[in-house]
Structure formats: structure tokens, C-alpha cells
Amino acid sequence: MGTEVAKTNRKRTAGIIGALVGLAAAGVAAGVATERYIVRRSKNADDPYAEENFGVWRADEELTVTTEDGIDLHVEVVDGPGPTLVFVHGFCLDMGTFHFQRKYFEGKYRMVIYDQPGHGKSGRLKKGEYTIDSLGAGLKAVLEATCPDGPVVLIGHSMGGMTIMALAEQLPELFETRVAACVLISTSAGKLDTVTFGFPEVVARFRRPLLPLVGLAGPISSAVIDRGRRASADLAWLLTRRYGFGTARPSPALVSYVETMNQTTSTEVIARYLRTLYTHSRLLVLGPLQSVPVLVVCGDKDYLTPLAHTYEITAVLPEAELVVVADAGHVVLLEHADEVNDAMDTFLTKVLQ
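Residues numbered from 1 in each chain as written. Predicted model: local features only at pLDDT ≥ 70, side-chain atom pairs only at ≥ 80, totals over all residues. Heavy atoms only, no water.

(A) Main features of the pairing of strand β4 (residues 110–114). Counting buried positions along β4 gives five out of five residues, so the element sits mostly inside the fold. Relative to β4, strand β2 (residues 72–78) is paired through four bridges, and the arrangement is antiparallel. Residue pairing for β4: Val77 is matched across the bridge by Val112. The pairing of strand β3 (residues 84–88) with β4 spans five bridges and is classified as parallel. Note on β4: the bridge partner recorded for Leu85 is Met111. In this region the chain leaves β3, passes through helix α2 (residues 99–105) and returns to the parallel neighbour β4; the handedness of that crossover is right-handed. (Buried < 20%, exposed > 50% of the residue type's maximum accessible area, 1.4 Å probe, protein only. Helix = DSSP H or I, 4+ residues; strand = E, 2+ residues; numbered from the N terminus. Pairing = 2+ DSSP bridges. Right-handed = clockwise from strand over helix to strand, strands pointing away.)

What follows is the structure in C-alpha cells.
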């Protein structure tokens, strides 16, 4: 009897999955023409950043810092006065996330910018999964190599903010002696497994059981998926615009810049990060951040690390300054760079006096 029930359940599940796949295929087929029309129209729009030289900056020093688990991190240093600003980027991005901040603060502060493991010009983990704990240890290694003394300001976007939280958990004394301030942008202290990405809960619920399967992707299947990602560039561009931005018509050049960073992060690296991101939980260990000035920034249309996650952080850090940027998505620091830069500049001028 139990065997028959199990078979029936499997058939029902297979039927549901088949129906979903069928609907998805039909939707994709029906939407291809519309998709390409929208992309062409968007990319032909007037663009304030059409001539922006994204990804090109000046560095006074480039070095390689090797982490405890053997990953070579690409690090760049820009000389300047005062405390050192250390920028830590997020998942599927690279140091280019801070393009406008790097330009804005050049000459005002010394800056250290690096690529996280598996991202940008940094090396990859040879085996096993990436962890937020190891990212915190990597940040520690970067600090030891580039900032052996003097005050530092830690600035983290998305997973970069989680990296700073991991460092605070590992070395709370550092936040009493060396860390002069922190800036947390579009980040979360946990519960990422509950994020719906703007979908109704009934739809979002279907993607959760599939996440462990993504984590099983090997180098061969990942290479196939990566080719598919490149082949469906228009769809990738539209998804980047949808989930990275909050304005109705963001700069096409800016969307393309973010989409390029996404595409250069391999599927294998993405899969090996998922478990640590979805199990990240550090709301109860943010105590060390209470001893330093903190600025928290988030867009009101961030579907990846929603505003509710920002409010959870500020509830634990009631002294933190909060800036909510209207019509901004997950890459608020690129999408609304002027507003974010002004908020950071005002904050740093006040707390570093």
C-alpha cells in the first residue's frame, strides 16, 4: 500500500513539474520576440552613462593576498590621506561595483578594493564550498597586508556586508581598536532563504526545494549552463535590469555593466556559494558593530536583500544611521551613485572628525 502511494505521489510531483516546465517553455517561446524588442528599445534610449568608461580606474599598487584556504585575492590600493576605506563587494559582482565611489573618494581617503574569492580577478577555491566565515578570514588577510596599522572604514555591499559581519564575529576586538566606522549597503543578517524576489509566495515556494540541486552542479554541467547564459544574453540583461535596479528606465550602459559582472561569475562558483548565503544568520552576533558608527543604506525596491532585512539590522543597531533611497534596487550604489556618495561623504566627515 505504501509503495503504491509513493508511486502515486511521485507521478503527481512529476506531473506538476512537467506542467511547470511546459508553461515555462511556452512562456519563453511566446515572449522571445517581446523580450528582444524591449532590449533593443531600452538599449537605444538616451543614456547619461553612454560614454562612461566603466571598469577603468587608477591604482597606485596592485598586489595578491593569499587566504588561509589558498585563494589568491586580487587587491588594488589607491593612495590618499586619512583613514583607509576598505571596499568589499557582493555576490556575482566584483570590485567594479564601487566604480562611482572609487572615483568620488579618490584623493579624499586612502582606498583598498579587492575581488572576493571566485569573483573578478581573484582565484577560486580548489574544492568544497565557499563560506561566509572564510570570506571574513579573507577580509582579515587583506587588512593585514594593506592596513597593518591606523584606522579603517569597512564598506560592504550585499555579501560584502555579510563578510564584515563575519569578521566582527571572528575578531570583535578589531572593532574596538582599528575599525573607525562601517557602511553596510543592501545587505542582510540572515533569512535569505525566505526572500521571494518579488514573486507571490506561492510561486517563490517552488524554487526552494531546487536550490540543493543547483549546488550539485559540477564543472561539466556548469560549463554547459554558462554557455546557455551567454547565449541568452538578452534575457540576462532584462533580468539584471529587473532585479538589480528600481527605476523604471535605468541607464542601459549601467545595466550592461552589472550584467557583465554577473556573467563573468561562473555557474560553478555560484553553486558553491549558495549554501552559505542561504544559511547565513548573524543577526544575534552584530554586537561588535554597536561600538562603531554605522551607516546602513538600502533601496526601497531591492528584491534581493529587501528593506525588511535592513530594518532588522537597524533594530539591533539602533544608533546606526539609515538612508533609504527611493526607486532604487539592489545596486543602489551604482544606480543612485550621487545620493549614496553624498550620504557616505556626510557620514564619514562627521564620524571621522
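(B) Molecular detail of the sheet that holds strand β5 (residues 152–157). Spatially, eight strands are ordered β1-β2-β4-β3-β5-β6-β7-β8 in an open sheet, and the strand pairing comes out mixed. Of all the strands in the sheet, the pair left with one neighbour each is β1 (61–66) and β8 (321–325). Averaged over all pairs of adjacent strands, the angle between their axes in this sheet comes to 20°, without regard to strand direction. Bridge analysis of strand β6 (residues 179–185) against strand β7 (residues 294–299) gives four bridges, and the strand direction is parallel. Bridging across to β7, Cys182 finds its partner in Val294. Lying over the sheet, helix α3 (residues 132–146) contacts β1, β2, β3, β4 and β5, oriented at roughly 135° with respect to β1. Sheet contacts for helix α4 (residues 159–170): β3, β4, β5 and β6; angle to β5, the most-contacted strand, approximately 135°. (Axes fitted to C-alpha atoms, helices over the stretch in contact; angles between N-to-C directions. Contact = heavy atoms within 4.5 Å.)

(C) View of the environment of Val142. With respect to the helices, strands and loops of the structure, Val142 is situated in helix α3. For Val142, a relative accessible area of 0% corresponds to the buried category. When the C-alpha atoms of Val142 and Val65 are compared, they prove to be 6.3 Å apart, with 77 residues separating the residues in sequence.

(D) The arrangement of the pairing of β5 in detail. Across the six residues that make up β5, a large majority, six, are buried. Judged by which residues are buried, β5 turns out to be covered on both faces: Val152, Leu154 and Gly156 on one side and Val153, Ile155 and His157 on the other are all buried. Bridge analysis of β3 against β5 gives five bridges, and the strand direction is parallel. Directly across from Thr84, in β5, lies its bridge partner Val152. Sheet topology places β5 next to β6; six bridges connect them, and they run parallel. Each bridged residue has a counterpart across the sheet, and for Gly156 the counterpart in β6 is Leu184.

(E) Molecular detail of the nonpolar core. Counting residues in each nonpolar core, the largest one holds 48 residues, and the members touching the most others are Leu143, Leu154, Phe175, Cys182 and Val294. Counting residues per element, this core draws most heavily on α4, which supplies seven residues. Counting residues in each nonpolar core, the second largest holds 24 residues, with Met95, Val153, Ala181 and Leu348 among its members. (Core = buried A, V, L, I, M, F, W, Y, C linked by side-chain atoms within 4.5 Å.)

(F) Representation of the side chain of Thr146. Positionally, Thr146 belongs in helix α3. Polar contacts involving the side chain of Thr146 include one to the main-chain carbonyl oxygen of Val142, which spans 2.7 Å. Aside from chain neighbours lying at most four places away, what touches Thr146 is Leu63, Val75, Val77, Arg110 and Val112. (Polar contact = N/O pair within 3.5 Å; in protein donor to acceptor, adjacent residues only side chain to side chain.)

(G) Representation of the packing of α3 against α4 in the model. One way to put it is that α3 packs onto α4 with a least axis distance of 8 Å and a crossing angle of 80°. One finds that α3 runs roughly perpendicular with respect to α4. Counting all contacts with α3, which are made through Ile132, Asp133, Leu135, Gly136, Ala137, Leu139, Lys140 and Leu143, the residues of α4 involved are Met159, Met162, Thr163, Ile164, Ala166, Leu167, Glu169 and Gln170. The class makeup of the residues in the contact of α3 with α4 is ten nonpolar, three polar and three charged. (Parallel < 35°, antiparallel > 145°, perpendicular 65-115°, else oblique. Nonpolar A, V, L, I, M, F, W, Y, C, P; charged D, E, K, R; others polar.)

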